[in-house]
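# Notes for the structure review
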Amino acid sequence: MYTSLAVWIGIIAGGVAGCLVLWAVLFQLAKVPFKALGGHPGKQLWSVLFMIPVPLILSLVASPANWLLALIWLAVAPSAATKYYFGPKTAKWGKTIGFNAIYGVAALVVYWLAVRALS
């Protein structure tokens with residue numbers, strides 16, 4: 001699975017798109033500047049890194065539960081990183097998981113579309 005160029009393009013495109021969609025939502029809700037999330041190279045990198053386990057998760061469990069498990073990963077893992085490492089450490093779990101679920105949905109849709117189109 002990780003030997004496929006389509007999978008790696010999906011991982012990168014999904015991570016970047018998820019980060020950009022999350023920024024667009026946060027911009028509409030709280031006027032978060034582009035440089036703080038969507039245009040921040042470090043945030044984009046971490047968005048892609050959190051996508052790397054997705055192909056493995058999708059291959060472990062029978063569909064459609066695999067997509068739900070991948071979404072849970074993409075909502076919880078970045079939220080834990082936010083709460084315990086990146087900050088703000090005072091962010092509420094519910095809001096953090098909710099916003100990262102938006103990233104997760106966008107990232108999974110773009111991943112699926114990219115892999116499907118390139119396979």
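Below or above, wherever it landed, is the structure these notes cover. Please read all numbers here as calculations on a predicted model, not as lab measurements.

Next up on the list: the overall build of the protein chain. A tally of helices and strands in the protein chain yields five helices and zero strands. For 119 residues, the compact-globule estimate of 2.2 N^0.38 gives 14 Å, and the protein chain sits close to it at 14 Å. Referenced to the eigenvectors of the C-alpha coordinate spread, the extents of the protein chain come out at roughly 40 × 25 × 20 Å. A burial count over the protein chain gives 38% of its 119 residues as buried. The long-range fraction of contacts in the protein chain, counting pairs at least 24 apart against all pairs at least 6 apart in sequence, stands at 64%. Split by element, the accessible area of the protein chain, about 6700 Å² in all, is 76% carbon and sulfur.

Relative to the 38 Å expected for 26 residues at 1.5 Å per residue, helix H5 (residues 93-118) spans 36 Å between its end C-alpha atoms, a close match to the ideal helical length. Taken together, the buried positions of H5 are occupied by Thr 96, Asn 100, Tyr 103, Gly 104, Ala 106, Ala 107, Leu 108, Tyr 111, Ala 114 and Val 115. If you follow the buried residues of H5, they end up packed against helix H1 (5-30), helix H2 (41-51), helix H3 (54-60) and helix H4 (65-86).

As a further point, take the environment of Lys 43. Within the secondary structure layout, Lys 43 lies in helix H2. The class of Lys 43 is partly exposed, set by a relative accessible area of 33%. In contact with Lys 43, other than residues within four places in its own chain, are Cys 19, Ala 36 and Leu 37.

Turning next to the layout of surface pockets. Approximately 680 Å³ is the volume attributed to the largest pocket. Along its surface, the largest pocket is lined by 25 residues, and Leu 22, Leu 37, Lys 43, Thr 82 and Asn 100 are the ones closest to its centre. For the lining of the largest pocket, the elements supplying multiple residues, two or more each, are H1, H2, H4 and H5. Classifying every residue of the lining of the largest pocket gives 15 nonpolar, eight polar and two charged.

Running from N to C, H2 and H4 point in directions that differ by 135 degrees, and their axes come no closer than 10 Å. On the basis of the axis angle, H2 is oblique to H4. Like other packed secondary-structure pairs, H2 and H4 cross with a definite hand, here right-handed. Within the contact between the two elements, H2 uses Trp 46, Phe 50 and Met 51 and H4 uses Trp 73, Leu 74, Ala 77, Pro 78, Ala 81 and Phe 86. In the contact of H2 with H4, the residues fall into nine nonpolar, no polar and no charged.

Let's shift gears to the nonpolar core. Among the nonpolar cores identified, the biggest contains 22 residues, and Met 51, Val 54, Leu 74, Tyr 103 and Tyr 111 are the most heavily contacted of them. Taken together, the elements giving at least two residues each to this core come down to H1, H2, H3, H4 and H5. Take this core: its biggest share by element is six residues, from H1.

Thresholds applied
Residues numbered from 1 in each chain as written. Predicted model: local features only at pLDDT ≥ 70, side-chain atom pairs only at ≥ 80, totals over all residues. Heavy atoms only, no water. Helix = DSSP H or I, 4+ residues; strand = E, 2+ residues; numbered from the N terminus. Rg over C-alpha atoms; globule rule 2.2 N^0.38 Å. Buried < 20%, exposed > 50% of the residue type's maximum accessible area, 1.4 Å probe, protein only. Contact = heavy atoms within 4.5 Å. Areas by Shrake-Rupley, 256 points an atom, 1.4 Å probe, with all protein chains shown as cover. Expected span 1.5 Å × (residues − 1). 1 Å grid on protein atoms, 1.4 Å probe; cavity = no way out; pocket = protein on both sides within 12 Å on 5 of 7 lines; lining within 4 Å. Points joined across faces, edges and corners; volume = space filled by probe spheres on them. Nonpolar A, V, L, I, M, F, W, Y, C, P; charged D, E, K, R; others polar. Axes fitted to C-alpha atoms, helices over the stretch in contact; angles between N-to-C directions. Parallel < 35°, antiparallel > 145°, perpendicular 65-115°, else oblique. Left-handed = near helix turned anticlockwise from the far one by under 90°. Core = buried A, V, L, I, M, F, W, Y, C linked by side-chain atoms within 4.5 Å.

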